[in-house]
Amino acid sequence: MNKPANLPESRLSQGAAGRAVTHESAHLHVSGEATYIDDVPELQGTLYAALGMSQQAHARILSIDLSEVLAAPGVVAVLTAADIPGANDCGPIVHDDPILAEGVVQYIGQPIFAVIADTYHAARRAARLGSIAYEALPAILTPEQAKQQGAFLFPPLHLRRGEAEQAIGGAEHRLKGEFSIGGQEQFYLEGQISYAMPKEDNGMHVLCSTQHPTEMQNLIAHCLNLPNHQVKVEIRRMGGAFGGKESQSGLFACVAALAAARLKRPVKVRLDRDDDMMITGKRHCFNYEYEAGFEPDGLIRGVTVEMCSRGGFSTDLSGPVATRALCHFDNAYFLSDVDIRSMAGKTNTQSNTAFRGFGAPQGAIAIEYIIDDIARELGLDPLDVRKRNFYGKLERNITPYGMTVEDNVIHELVAELEQTSDYRARRQAVLAFNQDNAVLKKGLALTPLKFGISFNVVHFNQAGALVHIYTDGSVLVNHGGTEMGQGLNTKIAQIVANELGIDLSWVRSTATDTSKVPNTSATAASSGTDLNGKAAQDAARQIKVRLSQMLVDRYGGTLDDVSYADNQACLHEHRLSWPDLVRTAYERRVQLWSDGFYATPKLNWDRETLKGRPFFYFSYGAAVSEVQIDSLTGEWKLLRVDVLHDAGKSINPALDIGQVEGAFIQAMGWLTTEELWWNNAGKLMTHAPSTYKIPAVNDCPDDFNVKLFNNRNAEDTIFRSKAVGEPPMLLAFSVFFALRDAIASVAQYTLNPPLNGPATSERILQAITAIRGLQ
Ligand code: MTE
Ligand code: LUZ
Ligand code: MOS
């Protein structure tokens, strides 16, 4: 094998697509050598910005006195909305998101001014000295209040098929209820950060921890009144993002760029954790009201649901989130007669945004809750009610929004998991345990998932890439996607290596850069590999065609006769090693680099009627969780988890299993311990890890069995793989419903426990108390 110089042996020969290769930066992550933005050596003269924030949830700004701020030690400048030369706006879709508040403030934490100082701490200290006079305005603090007052961020979405009310009325059984599920802080380990460096002739170079460099470029250009070609945004990697850096990195990128342009000096904005949590939006919490009609065997005849989220003060991505919630209410179930309303309340709180799953977990948990209710009402095992309602393969296979489910594997997948997890025997064991134990109670649940893949805004489903082959045979790939820990760059390198028939060690992915691949979409909707992988493959294929033509010109035959494998190109009996091939091509003046492009086929979506094919395909999965609760304290433990998840024909099983495990634990945190709490004035009081509890190592189950389902994508995706970033979030429903099952045992499974998310120990105890009282 030919190996490029200076590569450690351990990174060689790991093969290309389909193999469990380690993350391209793993050795840097573990040694601390991976460069995040705050690790980049600072330029001489760098200044630091901190933000002065609103102390009122909703108020008119009467006056702003910043004299003390300006007089504070180390302060170089203070900027307000009046200092923005272009648009005071960082809204991704609707332009209702000021960079710095102007005239009114709309939540506690909203940035009003930026202090620029010569040290990070000087800026932060001075930011507290602003004196702002307010005239209080009425504030809406909860989605319930917003709904009551008809304060919505956009007209409520309404999707209807068949005659839900009639079907409910005609069914043998009926039930009705309401519940709520909380929001969630993204809690990326690397907080929001941007480092802006002014360049000659009004240029601006910004290092920004963002999932969406192109959006950052657009926003910076707008606020500085510059054409896009003057602004370059770059990101090598993020220390986590989880949707929180899809749109909401914008405010900080704009502040850094504004200050840098104004002062002609490099400016860094790095948020402190508390400020980050006070300023930025989170996952939308949802309230649900529902009604269902069903038959004695659990078959759902009709269902209506109204879902209202906490949108926050501005639109941000609440519209697409509400749409995705609406398109995931069905989860894995065929609902013949259904009426779904999805809306976002305008509240005087942080503007909620993307968070892994993007509304799908919030939509799907509603039908799971309803099915859980139905099962208990009928005295059936919830798994049997779930199976009774699964989408069929050839009939009962059209979603409420009119898309045919063509790739359904939920029956096989759940059957396999039911068997490998020993579900039925463990159900019996749990029942027996609960009969024998008065205080400790066990619960068990198996929940399925189906998740639609593609941005539900059709034109976002495109991507570009550049592949460069240098004369020594080494390959550099650049694409529009961003690396946030998910392993995108590893997969893209594998794809290019696989396509060129060379070892992975020949290929390297580089930082995302708006001056290389332009007009990119956010790395979001789990589609990073699907989109950028296909674009990179397209680029590699174009180069291969040129190389093949060169060989055909020399040796005869057709392009199809040329093959690329094992670091060689073969045409009949002729073999050229990769370096020889590349050198020959260069000498013959064959272009050794190419761009590539991809647009997802088959998509159509009518935003008015909410009908069409918003998704290219679906991913599937299921999980079984077993918990034990202490019915006197509400404390609980996750005893065992079994997961079977569909990643299609996995490009990298190690990374995919990592994504499944990570999503499971992250969603378990959402549903159990992570509680956002605002006081009566609308101030978020849980703005640090001291009061906001994310899962830790000890919260992982000792017995955690995660397997990938043996499958290949029915659609022509990159090497028949499936997106894996977000779908496994829904697997943690099994924890929530196992807890509800354990609680229900206290009343011999005759009552539906009123359990809201997050199911904290306190809430578990409340639910137990409630059903004990009803018995
Ligand atoms: N994994 C890590 N380690 N860190 C992250 O920030 N974000 C998730 C998911 N997995 C995230 C992650 C989210 S919200 C999405 S949309 C996808 O990764 C995006 O990357 P992909 O499209 O390449 O899967
Ligand atoms: N739609 C979607 C979106 O399905 N996922 C996303 O992350 C997204 N982001 C912005 C706009 N639409
Ligand atoms: Mo992920 S919520 O689509 O960034």
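As the structure is a computational prediction, the values presented were derived from the model and not from experiment.

**As for unusual backbone geometry**
Logical step 1: Following Gly757, the chain continues to Pro758 via a peptide bond in cis, the omega torsion being 0 degrees.
Logical step 2: With respect to the secondary-structure elements, Pro758 resides in the loop between α18 (733-744) and α19 (761-774).
Logical step 3: At Phe187, a position not held by glycine, the phi torsion is positive, near 50 degrees.
Logical step 4: Relative to the assigned elements, Phe187 resides in the loop between β8 (173-181) and β9 (193-199).
Logical step 5: Of the residues examined, Phe187 reaches a relative accessible area of 10% and is grouped as buried.

**So, the pattern of salt bridges**
Where charged atoms of side chains with opposite charge meet at close range, the side chains can pair.
Logical step 1: Applying the stated criterion to the full structure yields 45 salt bridges.
Logical step 2: Of the charged contacts, one joins Asp339 and Arg341 as a salt bridge, the two residues approaching to 3.9 Å between their closest N and O atoms.
Logical step 3: Overall, Asp339 belongs to the buried group, its relative accessible area being 4%.
Logical step 4: With a relative accessible area of 33%, Arg341 lands in the partly exposed category.
Logical step 5: The salt bridge partner of Asp703 is Arg640, with a shortest N-O separation of 3.9 Å. Pair noted here: Asp703 is in strand β29 (residues 703-708) and Arg640 is in strand β28 (residues 636-645), with a separation of 63 residues, a long-range link.

**A word on the nonpolar core**
Logical step 1: The biggest cluster of nonpolar side chains holds 156 residues, and the ones touching the most others in it are Phe329, Trp578 and Phe664.
Logical step 2: Looking at this core element by element, the count peaks at 11 residues for helix α10 (residues 360-378).
Logical step 3: Viewed by domain, this core spans two of them, domain 1 (9-29 + 462-520 + 528-599) and domain 3 (286-456 + 607-774), each represented by three or more residues.
Logical step 4: Filtering out sequence-adjacent residues up to four positions away, Phe329 remains in contact with Val303, Val305, Met307, Leu335, Val338, Ile340, Gly363, Ala364, Ala366, Ile367 and Ile370.
Logical step 5: Leu100, Val231, Leu684 and Tyr692 belong to the second-largest nonpolar core, a separate cluster that totals 52 residues.

**Some details on the domain arrangement of the protein**
Logical step 1: Assigned domains within the protein: domain 1 (9-29 + 462-520 + 528-599), domain 2 (54-138 + 186-279) and domain 3 (286-456 + 607-774).
Logical step 2: Averaged C-alpha coordinates put domain 2 and domain 3 at centres separated by 36 Å.
Logical step 3: For the pair domain 2 and domain 3, the two sides together bury roughly 2,300 Å², of which 59% comes from carbon and sulfur.
Logical step 4: The tally of links between domain 2 and domain 3 comes to 0 salt bridges.
Logical step 5: Considering only residue class, the side of domain 2 that touches domain 3 consists of 13 nonpolar, 8 polar and 5 charged.

About the criteria used
Sequence positions are assigned chain by chain, starting from 1 and proceeding in written order. As they are written, the chains are lettered A onward and the ligands numbered 1 onward, keeping that order. The model is predicted, so local features are restricted to residues of pLDDT at least 70 and side-chain atom pairs to those at 80 or more, both for listing and for counting; the totals for chains, interfaces and linings are taken over all residues. Here the side-chain values reflect all heavy atoms present in the structure, with hydrogen atoms and water set aside. Starting at the N terminus, helices and strands are each numbered in turn, a helix being any DSSP run of H or I of at least four residues and a strand any DSSP run of E of at least two. Only protein chains enter the calculation, and the probe is 1.4 Å; a residue is then buried if its accessible area is under 20% of its type maximum, exposed if over 50%, and partly exposed in between. The working definition used for a salt bridge is a side-chain nitrogen of Lys or Arg within 4 Å of a carboxyl oxygen of Asp or Glu. Remark: nonpolar core denotes a set of buried residues (Ala, Val, Leu, Ile, Met, Phe, Trp, Tyr, Cys) joined through side-chain atoms within 4.5 Å. Domain limits in this description derive from either an automatic procedure or a database domain assignment. Note on contacts: a residue pair is in contact if any heavy atoms of the two residues lie within 4.5 Å. Accessible surface is computed with a 1.4 Å probe, and the buried area is the amount of it that two parts give up when combined, taken over both parts together. Each residue is assigned to one class: nonpolar for Ala, Val, Leu, Ile, Met, Phe, Trp, Tyr, Cys and Pro, charged for Asp, Glu, Lys and Arg, and polar for all the others, Gly among them.

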